[in-house]
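Architecture at a glance
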Amino acid sequence: MKTALILSLLLLAAHPAPAAMHHHAGMVMDEKGMIMNDNPDTLPRDCQKLSETVDITIHAGQQHATRFNGKMFAFDQQEWHVKPCAKINITFINDDQIRHQLMIHGLPGYLYPEGMFHLELNGAGELKASLIMPSQKKTYLVHCELPQHAEKGMKAQLKVDGGDGDLPSIPGISAAVKADSYPVDWTRTNVGILLLCALAGIAVPFFILKLK
Ligand SMILES: [Cu+2]
């Protein structure tokens, strides 16, 4: 009896009741998604006070990529502007049934471990989190890090104080460093084959009609 009691206590200790949320330093995770390095109140060292508080809603999904040729995933906007020392309240909405992330890179590491602010939704849904930008005039990369999502268009930029230039391959804003190329080799042989195929295509219906 005593052994059974000890055993069940041990089991209870090993399997804590499934908590709705797992809390780590700067990280919130549940079955819906994850928030890393949410910072609603700590000012960066170079900021005396908040300059402004901006609410930004960012949608992620395939439907936002239809206006960009050759792209498959995108955010609904590709660029945001804020003032130095601005607080940004982000509402991240995933319009797809697949996983998407909203990651902002290049932030100061003493405030955002690994210089990163990270929201993630396992499927359709919504997350809210905040961050406070440093005072530096800089362009920050915003993207989804899932394989091929950024390459296929889920890439944007956040500019503080006008930013320090455009990042490459932001859909609708900047060209890729290595653009995809689909060259056609217009040799005499290839033109001949193309004409032959066109003629054959025109001729085939006549043959079919004749056979009837
Ligand atoms: Cu994605």
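Along each chain, numbering runs from 1 in the same order as the chain's sequence is written. It should be noted that, the model being predicted, local features are given only for residues of pLDDT at least 70 and side-chain atom pairs only at 80 or more, the latter also being counted only at that level, while totals for whole chains, interfaces and linings use all residues. Excluding hydrogens and water, the side-chain figures rest on all heavy atoms present in the structure.

A look at the layout of surface pockets
For the largest pocket, the calculated volume is near 500 Å³. Surrounding the largest pocket, 21 residues form its lining, Lys71, Glu151, Ser169, Ala176 and Asp180 being those nearest its centre. The residue makeup of the lining of the largest pocket, split by class, is nine nonpolar, six polar and six charged. With a 1 Å grid laid over protein atoms only, a set of points is called a cavity when a 1.4 Å probe fits there but cannot get out and a pocket when it is open yet has protein on both sides within 12 Å along at least five of seven lines; lining residues have an atom within 4 Å of a point. Grid points are joined across faces, edges and corners, and a volume is the space filled by probe spheres set on the points. Here the term charged refers only to Asp, Glu, Lys and Arg, the term nonpolar to Ala, Val, Leu, Ile, Met, Phe, Trp, Tyr, Cys and Pro, and the term polar to all other amino acids, Gly among them.

As for the nonpolar core
What tends to happen in soluble globular proteins is that the nonpolar side chains get buried as a cluster. Throughout this description, the term nonpolar core refers to a set of buried Ala, Val, Leu, Ile, Met, Phe, Trp, Tyr and Cys residues connected via side-chain atoms within 4.5 Å. Summary of the burial criterion: residues with accessible area below 20% of their type's maximum are buried, those above 50% are exposed, and those between are partly exposed, where the area comes from a 1.4 Å probe applied to protein chains only. If you look at the biggest cluster of nonpolar residues, it comprises 34 residues, and the most contacted ones within it are Phe75, Ile90, Ile104, Leu119, Leu131, Met133 and Leu158. Among the secondary structure elements, those contributing two or more residues to this core are β4 (52–61), β6 (79–82), β7 (86–94), β8 (100–104), β9 (117–121), β10 (125–132), β11 (138–143) and β12 (155–160). Put simply, DSSP marks the helices as runs of H or I at least four residues long and the strands as runs of E at least two long, and each gets a number from the N terminus on.

Thoughts on the coordination of the copper ion
Counted as donors are N, O and S atoms no farther than 2.8 Å from the metal, or 3.2 Å for Na, K and Ca; water is not among the atoms, and sites may therefore look incomplete. Summarising the metal site, the copper ion is bound by the protein donors His100 (ND1), Cys144 (SG) and His149 (ND1), whose distances to it range over 2.0 to 2.2 Å. Read from N- to C-terminus, the donor residues coordinating the copper ion fall into the pattern H-x43-C-x4-H. Here the residue histidine 100 occupies a position in strand β8, and histidine 149 occupies one in the loop between β11 and β12, the gap between them amounting to 49 residues. An identical accessibility class is assigned to histidine 100 and histidine 149; each is buried.

Considering the environment of isoleucine 56
Locating isoleucine 56 in the fold gives a position in strand β4. Assessed through its relative accessible area of 9%, isoleucine 56 is described here as buried. Placed 33 residues apart in sequence, isoleucine 56 and asparagine 89 show a C-alpha to C-alpha distance of 6.1 Å. Only heavy atoms enter the contact rule, under which two residues are in contact if any of them lie within 4.5 Å. Isoleucine 56 has contacts with Trp80, Ile88, Asn89, Ile90 and Thr91, leaving out every residue within four places of it along the chain.

Worth remembering: the numbers are spatial, not functional.
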